[in-house]
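Analysis of the macromolecular model
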Amino acid sequence: MQSLWNESDVAQCRDELDRRVYSSRLLGQHPDLVLHGGGNTSVKIKEKNLLGEERTLLYVKGSGSDLIDITRAGFAPVQLDHLVKLARLPKLSDPQMVNELKTHVTVSGAPTPSVEAILHAILPYTYVDHSHADAVITLTNTPGGLQRVKEVYGDNVVIIPYVMPGFDLARLCAQLFFEQRQPATQGMILMNHGIFSFGETARESYERMIELVSRAENYLQKQKAWQISLPAMAQSLPALRLPLTQLRQRLSQVAGMPMILRQAYTPLIEKYLQHPQFPSISQQGPATPDHVIRTKRVPMAGQNIDAFNTDYQKYFNEHNATAREPKTMLDPAPRVILDPQLGLCTLGKSSQDAQVVQEIYSHTMEIILRATQLEKYQALPAKDIFDVEYWDLEQAKLRAAGKPKLFSGEVALVTGAASGIGKACVAALLARGASVIGMDLNVDIETCYQRTDYCGVRGDVTVREDIQRALESGVRQFGGVDMLILNAGIFPAAQSIAAMDMNVWQKTLDINLSANLLLLQEIYPLLKLAPRHGRVVVIGSKNVAAPGPGASAYSASKAALNQLLRVTALEWGKDNIRINTVHPDAVFDTAIWSDEIIQARAQAYGMTVEQYKQRNVMGVDITSHDVAELVAEMCGPLFAKTTAAQIPIDGGDARVI
Ligand code: ZN
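Residues numbered from 1 in each chain as written. Predicted model: local features only at pLDDT ≥ 70, side-chain atom pairs only at ≥ 80, totals over all residues. Heavy atoms only, no water.

Considering the coordination of the zinc ion
Let me state the cut-off plainly: Here the coordinating atoms are restricted to nitrogen, oxygen and sulfur within 2.8 Å of the metal centre, or 3.2 Å for Na, K and Ca, and because water is not among them the sites may look incomplete. Counting from the N terminus, the helices are the DSSP runs of H or I reaching at least four residues and the strands are the DSSP runs of E reaching at least two. Only protein chains enter the accessibility calculation, which uses a 1.4 Å probe; a residue is then buried when its area is under 20% of its type maximum, exposed when over 50%, and partly exposed in between.
For the zinc ion, the full set of protein donor atoms is His130 (NE2), His132 (NE2) and His193 (NE2), and the range of their distances to it is 2.2 to 2.3 Å. Read N to C, the donor residues that coordinate the zinc ion are spaced as H-x1-H-x60-H. With histidine 132 in the loop between strand S4 (127–131) and helix H6 (134–140) and histidine 193 in the loop between strand S6 (187–190) and strand S7 (194–199), the pair connects residues that are 61 residues apart, well separated along the chain. The same class applies to histidine 132 as to histidine 193, namely buried.

Dropping the structure here:
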């Protein structure tokens, strides 16, 4: 592990807090040290308050920040002397501790200080860094872990036996640290948890972290437990979208809500799945308490998930029976599923959650494989895992997470999603918590959003293989499809019937009509498995009810599509899939409406462009956003019992009314 320290970057720092921000971000750049929200850092700074009184503040990482991009505001200033006094109390409940932390910050609006703040406070060094370093956990999570840690570090570290994070851990550290500290002490190893380093400068503390963790890596290397020989992988996997969608449906049932399922298959995953001891190593607990809530339990390959659910219920009841305050059961769905065919599947209430679990578990697999090469992986006993999972503070975090969004855990596919109404639908669905697969011919589709809940696939909706490819990528990323927005379409230049170019006619029917049949065919097996039942919304057209001269190809294709969907509603009602149509008109902020087309349409009606644009009875503008908001709501509970409805969004068309 290399130090990333760069003196010329540090020269930009104005003060100690700046240097704290700088070296915290360096720490965040090592994924082998900290992952998403993991790890924490602090600095102790003497400051004068408004009355001129000097006091020392502990600037400690607050909740809601990741080390990799933390800012000054991500640190909570807490009164150090108060924290040190708290550490001397014989007992402090977690809610009391959080209350003390929150009420002793000196800036209103500061984030809640880390639950490890008291531990940072008692360590008598200006800078303190804490990580859950993979290499250190690999050492500690073996039967001979304690001996190995002593062998690697000698008197450079103080060793703390496992205690759940919180006040008791801080208190134990306060006691053991001062009993065992030597002049050579540079850090502290917390068994089955992680490592602290400290120093008088930001550089000293950070580089001690790098040096101490490197020693664990070197030790593993010497013991031939560092390199994992990875197998060569088959070129491509077979189509997985149906088994993945089935798995997601079952897991969503167990969880009691729609969930996102994310699939991955890498050489590391293959190695893990084929390990001779896979059945036992994969059933072990997480590597560090920081990962418990998010990874939960790992059902074995091929294990029946319902049976797993029953086991969990039993486990929960047994532990809960003796608890003074019974806990509300968390949703019992596992977050990690390993399957020889599907690879690693991770589950979350959102795409981001599922991705975080995937990253954490990828590190966990490395830790487990290395520990197995070294000796034997040994996680915390079940009781300790349960204690962390049902920890007051974790329960409080869950309560604080608040109400889920309308489409949390659900997935939508939008065609023609790179511009106009399609693009607006993507935005409306993302805003309501859905994960979205966008499909378009335009290459921009791949990059219009850089977020884990968006998957852009370039493809032609008239080509069955392109549709299959889009569904396959989308389902591997999200686990299924719940909503389909049929939007892709073209509006060819005006042509009279007499002069109709048959190629234009055919192309219009292919894109506006037949492509949608292909999509419906390909997506049907997936929509049937949607946890809250499948929904389709079609972007129709006012032309269905009120066609215009010169627009025969467009009007005929949209009218035929309308019939296609009415029949689909009849056929799929038994599967609880509902299909509704919006008929927009004169949505001029879309790619279809070039200036030439607007001019031509106005001419066809004998109007000026201005008259044409405001010809609806309400005299209102209709935007892509207006249409998209209606489309999104039609996928929601308000329309739960409506199918085959056709809703105009056109400001009122006198010819239709
Ligand atoms: Zn920790």
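A closer look at the packing of aromatic side chains
The test is simple: For this analysis, a ring pair means two rings from Phe, Tyr or Trp (six-membered ring only for Trp) whose centres lie within 6.5 Å, classed as stacked if their planes differ by under 30 degrees, edge-to-face if by over 60, and tilted for the remaining angles.
Taken as a whole, this structure holds 13 aromatic pairs when the rule is applied. Plain terms: the ring middles of tryptophan 5 and tyrosine 22 are 5.1 Å apart, the flat faces sit at 85° to each other, and that makes the pair edge-to-face. Pair noted here: tryptophan 5 is in the segment before helix H1 (7–10) and tyrosine 22 is in helix H2 (residues 16–28), with a separation of 17 residues, a long-range link. Accessibility expressed as a relative area gives 12% for tryptophan 5, which makes it buried. Each ring, one from phenylalanine 177 and one from phenylalanine 178, has its centre 5.3 Å from the other, and the planes form 90°; the classification is edge-to-face.

Concerning the confidence of the model for the protein
Rules: The quantity known as pLDDT measures the predictor's confidence residue by residue, on a range of 0 to 100. Any pair of residues with heavy atoms lying within 4.5 Å of one another is described as a contacting pair.
On average, residues of the protein score 90 in pLDDT, and 90% of them are at 70 or above. Contacts of residues 293–308 to residues separated by more than four positions or lying in other chains number 59 contacts, the stretch itself having pLDDT below 50.

A short note on a nonpolar patch on the surface
Put simply, the test is: Two distance rules govern patches: like charges are joined within 9 Å, and nonpolar side chains (Val, Leu, Ile, Met, Phe, Trp, Tyr) within 5 Å, applied only to residues with over 30% relative accessible area and no salt bridge. All accessibility values rest on the Shrake-Rupley procedure with a 1.4 Å probe; residue burial counts only the protein chains present in the view. What counts as a salt bridge is simple: a side-chain nitrogen of Lys or Arg found within 4 Å of a carboxyl oxygen of Asp or Glu.
A cluster of nonpolar side chains, Val617, Met618, Val620 and Ile657, forms an exposed patch at the surface whose accessible area comes to about 430 Å². Following the sequence through the fold, valine 617 ends up in the loop between helix H23 (609–613) and helix H24 (624–634).

As for the packing of helix H10 (residues 241–255) against helix H19 (residues 464–478)
Condition: Where helices are involved, their axes are fitted lines through C-alpha atoms of the stretch in contact, as for all axes, and angles between N-to-C directions lie from 0 to 180°. The handedness criterion is simple: a crossing whose near helix is rotated anticlockwise from the far helix by less than a right angle is left-handed, and one whose near helix is rotated clockwise is right-handed. For this scheme, ten residues count as nonpolar: Ala, Val, Leu, Ile, Met, Phe, Trp, Tyr, Cys and Pro. Four count as charged, namely Asp, Glu, Lys and Arg, and the remainder, Gly too, count as polar.
Running from amino to carboxyl end, H10 crosses H19 at an angle of 35°, the nearest separation of the two axes being 9 Å. Viewed along their axes, H10 and H19 form a crossing whose handedness is left-handed. Contacts from Arg241, Leu244, Thr245 and Arg248 of H10 reach H19 at Gln468, Leu471, Glu472, Val475, Arg476 and Phe478. For the contact of H10 with H19, the class distribution of residues is 4 nonpolar, 2 polar and 4 charged.

Concerning helix H22 (residues 595–604)
Keep this limit in mind: Comment: arc refers to directions from the helix axis out to C-beta atoms.
Inspection of H22 places Ile597, Ile598, Arg601 and Ala602 among the buried residues, and these make up the whole buried set. For H22, the angular spread of the buried residues around the axis is 135°, confining them to a single face. Summarising the geometry of H22, the exposed residues directed more than 90 degrees from the buried face are Asp595, Glu596, Gln599 and Gln603. Where the residues of H22 are buried, they touch H23. Where H22 ends, the next residue or the one after it, glycine 606, has phi of about 65°, a positive value.

Structural notes on the nonpolar core
To be explicit about the condition: Here, nonpolar core means buried Ala, Val, Leu, Ile, Met, Phe, Trp, Tyr and Cys residues that are tied together by side-chain atoms lying within 4.5 Å of each other. Domain segmentation is taken from an automatic or database assignment of domains.
By size, the foremost hydrophobic cluster in this structure holds 50 residues, and its most contacted members are Leu413 and Val536. Tallying contributions element by element places helix H20 (residues 502–527) first for this core, with 10 residues. Residue assignment places this core across two domains, with domain 2 (241–386) and domain 3 (411–649) each supplying three or more. Non-local contacts of leucine 413, meaning those with residues more than four positions away in its chain, are made with Ile437, Met439, Leu471, Val481, Met483, Leu484, Ile485, Leu519 and Ile523. Counting 42 residues, the second largest nonpolar core, distinct from the first, contains Trp5, Leu67, Ala135 and Val152.

Describing helix H8 (residues 167–180)
Short version of the rule: Helix span, expected: 1.5 Å multiplied by one less than the number of residues in the helix.
In this model, H8 (14 residues) spans 20 Å end to end at C-alpha, consistent with the 20 Å of a helix rising 1.5 Å per residue. Looking at H8, one finds that the buried residues are Phe167, Leu169, Ala170, Leu172, Cys173, Ala174, Leu176 and Phe177. The inward-facing, buried residues of H8 contact helix H3 (80–86), helix H4 (94–103), helix H5 (117–122), strand S5 (157–160), S6 and S7.

Some details on the environment of arginine 88
With respect to the helices and strands, the residue arginine 88 is situated in the loop between H3 and H4. In this structure arginine 88 comes out as exposed when scored by relative accessible area, which is 62%. Separated by 83 residues in the primary sequence, arginine 88 and arginine 171 have C-alpha atoms spaced 7.2 Å apart.

Comments concerning the packing of helix H18 (residues 420–431) against H24
If you want to describe how two helices pack, look at the angle between their axes and the distance between the axes. The cut-off we apply is this: An angle counts as roughly parallel when it lies under 35 degrees, as roughly antiparallel when it exceeds 145, as roughly perpendicular when it falls between 65 and 115, and as oblique in every other case.
Following both chains from N to C, one finds H18 and H24 inclined at 50°, their axes separated by 8 Å at the closest point. One way to sum up the angle between H18 and H24 is to call them oblique. Viewed along their axes, H18 and H24 form a crossing whose handedness is right-handed. Where H18 abuts H24, its residues Gly420, Ile421, Ala424, Cys425, Ala428 and Leu429 lie against Ser624, His625, Val627, Ala628, Glu629, Val631 and Ala632. For the contact of H18 with H24, the per-class residue count stands at 9 nonpolar, 3 polar and 1 charged.

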